[in-house]
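Per-entry structural report
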Amino acid sequence: MWDEQTKAIRRMSTAEVFAPERAYGWEFYQRPTVEVAWGLLGAVLVKREPEGLCAARLVELEAYLPDGDAANHAARGWSERTAPMFAAGGILYVYAIYGRHRCVNVVTEPEGRPGAVLLRAAEVLHGEELMRRRRGEVQWEALCRGPANLARAFGFELSDNFRSVCSAELFIVPPPEPIAPEAVRRTPRIGISRARELPLRFVLWQSRCRSR
DNA sequence: GCAAGGATCTAA
DNA sequence: TAGATCCTTGCC
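Thresholds applied
Residues numbered from 1 in each chain as written. Chains lettered and ligands numbered in written order. Predicted model: local features only at pLDDT ≥ 70, side-chain atom pairs only at ≥ 80, totals over all residues. Heavy atoms only, no water. Near = heavy atom within 4 Å. Polar contact = N/O pair within 3.5 Å; in protein donor to acceptor, adjacent residues only side chain to side chain. Helix = DSSP H or I, 4+ residues; strand = E, 2+ residues; numbered from the N terminus. Nonpolar A, V, L, I, M, F, W, Y, C, P; charged D, E, K, R; others polar. Buried < 20%, exposed > 50% of the residue type's maximum accessible area, 1.4 Å probe, protein only. Phe/Tyr/Trp six-rings, centres within 6.5 Å; stacked < 30°, edge-to-face > 60°. Contact = heavy atoms within 4.5 Å. 1 Å grid on protein atoms, 1.4 Å probe; cavity = no way out; pocket = protein on both sides within 12 Å on 5 of 7 lines; lining within 4 Å. Points joined across faces, edges and corners; volume = space filled by probe spheres on them.

This part is about the protein's contact with DNA strand C. Taken together, 21 residues are adjacent to DNA strand C, and H73, Y95, H101, L118 and G146 come closest. R120 places a side-chain nitrogen or oxygen 3.3 Å from a phosphate oxygen of DNA strand C. One nitrogen or oxygen atom from the main chain of G146 is found 3.5 Å from a phosphate oxygen belonging to DNA strand C. Of all elements in the fold, only β3 (92-97), β4 (101-108), β5 (115-126) and α7 (147-154) reach the threshold of two or more residues within the surface near DNA strand C. Residues that form the surface near DNA strand C fall into these classes: 11 nonpolar, 7 polar and 3 charged.

Once that is clear, we can look at α7. Most of α7 is tucked away, with 6 of its 8 residues classed as buried. Within α7, the full set of buried residues consists of P147, A148, L150, A151, A153 and F154. Positive backbone phi, at 75°, marks G155, one or two positions downstream of α7.

Counted according to the given criterion, the structure contains 6 aromatic pairs. Ring centres of Y24 and F28 lie 3.5 Å apart, and the angle between their planes is 10°; this geometry places the pair in the stacked category. The pair Y24 / F28 is uniform in exposure class, with both members buried. Each ring, one from F154 and one from F156, has its centre 5.9 Å from the other, and the planes form 15°; the classification is stacked. Across the pair, exposure class does not vary: F154 and F156 are buried alike. Each member of the aromatic cluster is reached from another via a ring pair, and the members are Y24, F28 and Y29.

The next subject is unusual backbone geometry. For F162, which is not glycine, the phi dihedral falls at a positive 75°. Summarising the element assignment, F162 is placed in the loop between α7 and β6 (170-173). Here the phi dihedral of A195 falls at roughly 55°; this positive angle occurs in a residue that is not glycine. Assignment of secondary structure puts A195 in the loop between β7 (184-187) and β8 (201-204). On the basis of relative accessible area, A195 is assigned to the buried category, the value being 13%.

On to the environment of L150, then. Residue placement: L150 occurs in helix α7. When the C-alpha positions of L150 and H101 are compared, they lie 10 Å apart, and in sequence the two are 49 residues distant. The residues contacting L150, other than those within four sequence positions of it, are L119, R120, A121, A122, L143 and C144.

A separate point is the layout of surface pockets. A probe matching the size of a water molecule, rolled over the atoms, marks out where space remains unfilled. What the largest pocket holds in volume is close to 610 Å³. If you trace the largest pocket, you find 28 residues lining it, with Y95, I97, I190, G191 and I192 closest to the centre. Secondary structure elements with two or more residues in the lining of the largest pocket: β2 (52-64), β3, β4, β5 and α7. When residues in the lining of the largest pocket are grouped by element, the largest group, 4 residues, is from β3. Here the residues of the lining of the largest pocket are counted per class, giving 17 nonpolar, 6 polar and 5 charged.

Let's shift gears to the protein's contact with DNA strand B. Within the structure, DNA strand B sits among R76, S79, R81, A96, I97, Y98, G99, R100 and L158. When the atoms of DNA strand B within 4 Å of the protein are grouped by moiety, sugar and phosphate amount to 60% of the total. Between a sugar or linking oxygen of DNA strand B and a main-chain N or O atom of G99, the distance comes to 3.0 Å. Residues belonging to the surface near DNA strand B are distributed by class as follows: 4 nonpolar, 2 polar and 3 charged.

Checked against the element boundaries, R81 lands in the loop between β2 and α5 (83-86). Among the residues examined, R81 registers a relative accessible area of 43% and is labelled partly exposed. Sequence separation of R81 and Y93 is 12 residues, and the distance between their C-alpha atoms is 8.9 Å. Excluding residues within four positions of it along the chain, R81 makes contact with H73, Y93 and Y95.

Next comes the structure, spelled out in structure tokens:
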């Protein structure tokens, strides 16, 4: 069940898809969170490290807004944990949840406005072997399915807080072609108790890597 | 269906 | 400083 864009992107060469010069810059992230979320859907997260290159196409995201969003960790103001969200967009906010897990967000909006986009699922394009070393023997579809699984496959840790997503080692490349709005389904966010009604989860519905 | 388990927040 | 909470996962 491949959609056309997934097929297209898998045909492209490593150099075409994973070039840092094609990546989003600071100005992209320092905009309203929902706009950034739209721009990140179908985009490719790339992480270069000594052990190898990891790349995956983002297919499921959640927006956490700076205003009127009780589910945002930063809704009750600044804290040590949420400090990255108050910085200018274009860095990571990583937090621990339920003991063993990590969740990775891309910080949005200008400095002082705590917005973020949670990375919930992605289709692996490169680095499958390295990800399996971290995740164990799971199917390709499941490598980056679910926020904590994505974080683990990419090797993100709490120490990656404040890390730039506009560097040569970590960046996000826009989709080769615009995402058709009808390919996207918006739903309430997963696992939250407050602000359940807001349709801030964005899913490329055809993807076999979206969470269930 | 629910336990595991760590960091953080809140109330005291 | 104790107790609750939490943007989850995988095993029962």
